[in-house]
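# A structural walkthrough
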Amino acid sequence: MTVRLHWFLPTGGDGRTLVDRHAYGPNDARKGAGVRAPDIAYLAQIAKAAEQLGFEAVLTPTGTWCEDAWLTTAALAQHTERLKFLVAFRPGLLSPTLAAQMAATYQRVTRGRLLLNVVTGGDSAEQRRFGDHLDHDQRYERTDEFLSVVRGVWRGEPYDFDGAHYRVEGGLTALPPDPVPQLFFGGSSAAAGPVAARHADVYLTWGEPPAQVQRKIDWIRSLAEREGRTVRFGIRLHTISRGTSAEAWATADRLLDDLDAGTIAAAQAALGRSESVGQRRMLELHGGSRDRLEIHPNLWAGVGLVRGGAGTALVGSHAEVADRIEEYHALGVEHFVLSGYPHLEEAYWFGEGVIPELSARGLLDRTAAPVAVGGAPLLVSGGR
């Protein structure tokens, strides 16, 4: 099992600071100084950099504060050649048969460059903005049915389904996707685990300390075994990688410099209302305090002070960041979905610093490994 690397597209904006804090203020705050608009020209720079540096795919988020993932990545596919797109979307906001058809079309248009990130949703207020009024556990029940229908209609022959949330008669994707997109799925609650075991190709967790990640892997693996399935594992992390540890930690400190106590308190209050068990686990890592943010060697919880979802970063020298990736990999983590502020510059810091380290340790597929040319790394994509 080799390490598979993915980057992130900041479709809610980017910058040299934790721009996510703008989600907790008025809309015009998101246009403040230092915030880069997520227009196609800028996102194409990031996508092209990720492709050149050897990332397999880029994750594109879903929700109120970002652009639509399907439309944005379809546009960016025209600016790239090999890069895959890990498109996040919410079941229940569109028909499962339509979603299956969209995925099949996407695969043909992009020549097989679609991966799907299924986001059930852990915030009722966010869901209600889109007209969804189910509670937490009901949403996972619906996701279970949704994915059953999607996989059913991908078979290329009429498919019937009669459930609590969907009734489908003769559901059909006349031209099934080839290849069938891999399904990435996350969720830390008791309701999420069985759904992951039945449907996920890759179970994706946020960046908790290794011991906690190990327990999650053991949990999902045991549930999948009962279903007669094998699930692979991935982790979602930010990175701050530099030539020295001191440089990396100085950069992490600078990210917090313009965060006042009121901004952090507002973000923590909003995030604390989430029904997501995974979000609650992220908040517990730092407790809203700046005082104890290194929660495991080179694992920093500072991002989670103002950002929902993935709230931890690998911080250190290139070798130290590679050490932590190797540590998670030893637990069974194969896919690493990474990001950093700003996403263009941090892609290069990681790609030119950490990727050669991982390659030298034999953790990367050699066909995607960097090759030194004229003293500079040349990286060829292996495949978000």
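These numbers come from a predicted model, not from an experiment.

## A look at the overall build of the protein chain
Scanning the protein chain from terminus to terminus reveals 12 helices and 17 strands. Taking 21 Å as the expected radius of gyration for a compact globule of 384 residues, we find that the protein chain reaches 20 Å, a close match to that expectation. Each of the three principal axes of the protein chain carries a C-alpha extent, and together these read 60 × 50 × 40 Å. Burial analysis of the protein chain (384 residues in total) assigns 56% to the buried set. For the protein chain, the separation between the mean place of its 40 positive charges and that of its 46 negative charges on side chains is 1 Å.

## Details of the side chain of S276
Along the polypeptide, S276 turns up in the loop between α9 (261-272) and α10 (277-286). Within the structure, the side chain of S276 is placed 3.3 Å from the backbone nitrogen of G278, a separation counted as a polar contact. Look past the residues within four positions of S276 in its chain and what remains in contact with it is G122 and W206.

## Section: the packing of helix α11 (residues 318-331) against helix α12 (residues 343-360)
The geometry of a pair of packed helices is captured by two quantities: the angle between their axes and the separation between those axes. Interhelical geometry of α11 versus α12 gives an angle of 60° and a closest axis separation of 9 Å. Taken together, α11 and α12 sit at an angle that is classed as oblique. When you trace α11 past α12, the crossing you get is right-handed. For the pair formed by α11 and α12, the contact residues are H318, A319, V321, A322 and I325 on the first element and W349, F350, G353, V354, E357 and L358 on the second.

## Some details on the confidence of the model for the protein chain
Of the residues in the protein chain, 92% reach a pLDDT of 70 or more, and the chain-wide mean stands at 91. Under a pLDDT of 50 for its full length, residues 369-384 has, in the predicted model, 45 contacts with residues more than four places off or in other chains.

## A short note on the environment of A211
Its place among the elements puts A211 in helix α7 (residues 210-226). The exposure class of A211 is partly exposed, given its relative accessible area of 47%.

## What to know about α7
With 17 residues, α7 should cover 24 Å at 1.5 Å per step; its first-to-last C-alpha distance of 25 Å lies within 8% of that length. Taken together, the buried positions of α7 are occupied by P210, V213, K216, I217, I220, L223 and A224. The buried residues of α7 occupy an angular sector of 150° when the element is viewed end-on, so they sit on one face. Of the exposed residues in α7, those oriented more than 90 degrees away from the buried face are R215, E225 and R226.

## Focus on the pattern of salt bridges
This structure, assessed with the given rule, holds 22 salt bridges. In this structure, R167 engages D162 in a salt bridge whose closest nitrogen and oxygen atoms are separated by 3.8 Å. A single burial state applies to R167 and to D162, both of which are exposed. With a shortest N-O distance of 3.7 Å, E334 and R232 are connected by a salt bridge. Residue E334 is found in strand β15 (residues 333-339), and its partner R232 is found in strand β11 (residues 232-242); the two are separated by 102 residues along the sequence. Given the relative accessible area of 9%, E334 is considered buried. Overlapping salt bridges bring together R4, E56, K84, R232 and E334 as one network.

## Re α12
Because an α-helix packs 3.6 residues into every turn, residues spaced three or four apart end up facing the same way. Between the first and last C-alpha of α12 there are 25 Å, a value that for 18 residues agrees with the 26 Å anticipated at 1.5 Å per step. V354 marks where α12 bends most, by close to 30°; the proline P356 follows one to four residues later. Within α12, the full set of buried residues consists of H343, L344, E346, A347, F350, G351, G353, V354, I355, L358 and S359. Phi turns positive one or two residues past the end of α12, at G362, with a value near 75°.

Each value, and the rule that gives it
- Residues numbered from 1 in each chain as written.
- Predicted model: local features only at pLDDT ≥ 70, side-chain atom pairs only at ≥ 80, totals over all residues.
- Heavy atoms only, no water.
- Helix = DSSP H or I, 4+ residues; strand = E, 2+ residues; numbered from the N terminus.
- Rg over C-alpha atoms; globule rule 2.2 N^0.38 Å.
- Buried < 20%, exposed > 50% of the residue type's maximum accessible area, 1.4 Å probe, protein only.
- Lys, Arg positive; Asp, Glu negative; His and termini not counted.
- Charge placed at Lys NZ, Arg CZ, Asp CG, Glu CD.
- Polar contact = N/O pair within 3.5 Å; in protein donor to acceptor, adjacent residues only side chain to side chain.
- Contact = heavy atoms within 4.5 Å.
- Axes fitted to C-alpha atoms, helices over the stretch in contact; angles between N-to-C directions.
- Parallel < 35°, antiparallel > 145°, perpendicular 65-115°, else oblique.
- Left-handed = near helix turned anticlockwise from the far one by under 90°.
- pLDDT = per-residue confidence, 0-100.
- Expected span 1.5 Å × (residues − 1).
- Arc of directions from axis to C-beta.
- Salt bridge = Lys/Arg side-chain N within 4 Å of Asp/Glu carboxyl O.
- Bend = angle between axes of the 7 residues up to and from the residue.

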